[in-house]
Amino acid sequence: MTKRSILITGGAGFIGSHVVRLFVNKYPDYQIVNYDKLTYAGNLENLRDVEKSAHYKFVKGDILDAEMLQKTFLEFQIDGVVHLAAESHVDRSIENPDEFAITNIIGTIRLLNAAKKAWQNNFEGKRFYHISTDEVYGSLGAEGFFTETTPLDPRSPYSASKASSDQFVLAFENSYHLPVVISRCSNNYGPYHFPEKLIPLMINNVINEKPLPVYGKGENIRDWLFVEDHAKAIDVIFHKGKNGEVYNIGGHNEWKNIDLVHLLCEIMDKKLGRTKGASAKLITYVKDRPGHDMRYAINPTKTKTELGWAPTIQFEAGLEKTVDWYLANKEWLNHVTSGAYRGYYENMYSNR
Ligand code: NAD
Ligand code: TYD
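Residues numbered from 1 in each chain as written. Chains lettered and ligands numbered in written order. Predicted model: local features only at pLDDT ≥ 70, side-chain atom pairs only at ≥ 80, totals over all residues. Heavy atoms only, no water.

### Brief notes about the site of ligand 2
In the region of ligand 2, 18 residues are neighbours, and Glu135, Arg222, Arg289, His292 and Tyr349 sit closest. In this structure, Arg222 approaches ligand 2 through a side-chain N or O atom, which is 2.7 Å from an oxygen atom. Here an oxygen atom of ligand 2 sits 2.5 Å away from a polar atom, N or O, in the side chain of Arg289. For ligand 2, the accessible surface in isolation is 510 Å², of which the surrounding protein chains cover 98%. Those elements giving two or more residues to the shell around ligand 2 turn out to be helix 6 (198-207) and strand 8 (212-215). For the shell around ligand 2, the element with the most residues is strand 8, which contributes three residues. Taken together, the residues of the shell around ligand 2 break down into eight nonpolar, five polar and five charged. (Near = heavy atom within 4 Å. Polar contact = N/O pair within 3.5 Å; in protein donor to acceptor, adjacent residues only side chain to side chain. Areas by Shrake-Rupley, 256 points an atom, 1.4 Å probe, with all protein chains shown as cover. Helix = DSSP H or I, 4+ residues; strand = E, 2+ residues; numbered from the N terminus. Nonpolar A, V, L, I, M, F, W, Y, C, P; charged D, E, K, R; others polar.)

### What to know about the side chain of Asn34
Relative to the helices and strands, Asn34 resides in strand 2 (residues 30-36). With a relative accessible area of 0%, Asn34 lands in the buried category. At 3.1 Å, the side chain of Asn34 forms a polar contact with the backbone nitrogen of Gly11. A polar side-chain atom of Asn34 sits 3.1 Å from a polar atom in the side chain of Tyr56. Among all residues touching Asn34, those that are not within four sequence positions of it are Ile8, Gly10, Gly11, Ala12, Val20, Leu47, Tyr56, Lys57, Phe58 and Val59. (Buried < 20%, exposed > 50% of the residue type's maximum accessible area, 1.4 Å probe, protein only. Contact = heavy atoms within 4.5 Å.)

### Some details on the environment of Val90
Mapped onto the elements of the fold, Val90 is located in helix 3 (residues 90-95). We classify Val90 as buried; its relative accessible area is 8%. Considered as a pair, Val90 and Glu346 are 256 residues apart in the sequence and their alpha carbons are 17 Å apart.

Structure follows, in structure tokens:
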């Protein structure tokens, strides 16, 4: 008899694959079920090192598919959910908001309904953990930090869909006493990050000596956390977080986009044996993202003091690790950037 049976949605994506890996390796007496539709962002190559573990199972499924969810909850006797499945890229959300509403809002409601139904209102020992983002709090000026009580003020279709799903999760706690917990994390980076997001896109373009498209003046600020530190926070919150609570996750690591891209270029010049300054010459300022949030910055005090979590990886070391991983995994990069990625890139960057 396994101690717990946990459904991880979106486990083939960037953060989800790190969470699956951590849980499979750390909890040999848990059954870990990865439920993923395998969209463009989901890739089973991200999980090669754990896919043969006896207590790991993959189910190809859509969170919108109520029947499939019900079957999966029953078959695996699921008693905990870590919900990461989502459409996650702001630029895509501006192009296609409907898809974000359908997956992120309706998909989350379907999953909440499935948990409620499967657990038949007997919630003893059960947990529904929803992974959210600091973007739901909106955009900061030069001062201040997001705390868990900062009012929600989403400004992109992506963050609006995440904020809405957060509210549905809390509504299920309020209306049905479903035991839920939510965390909101700052920008992640690390291995297996799909190269449509800033850091892996820049790494891929430096490797291929292509222009490095910096939006606007490059002055927007993001608060970066190494993905393994996020996965560790998810582990702690899943096991120790209190029902009905929200926990912020971040490492006080704010960078202006342009400064980050310069640092990345310096690291890559060294790793690739290029002349100092060669990669930075590729920097190209392009048309800004519409409604571009200026600054995100998390105050993670509650998670640190109440649950004892703290980030472990310093930024430059994490960036070096990330660059090393991409250089050692060119095959992965080639696979994910062939086919549909090319069309996406043309469409997104040709008119900037
Ligand atoms: P990702 O885009 O890399 O992965 C998303 C995964 O969800 C993919 O494997 C995809 O196949 C799967 N998926 C999408 N639609 C699905 C559906 N209908 N049914 C089943 N599976 C589906 O995303 P990520 O960056 O790993 O983010 C994971 C979660 O963390 C998201 O909820 C996101 O909002 C949140 N988050 C991300 C960041 C970040 O910096 N990337 C920061 C904070 C929070
Ligand atoms: P991104 O990785 O898309 O994350 P998010 O928008 O969710 O924070 O972008 C991070 C920052 O980098 C954001 O300010 C937009 C900027 N950016 C660029 O300047 N150029 C790019 O090609 C991309 C993808 C992002």
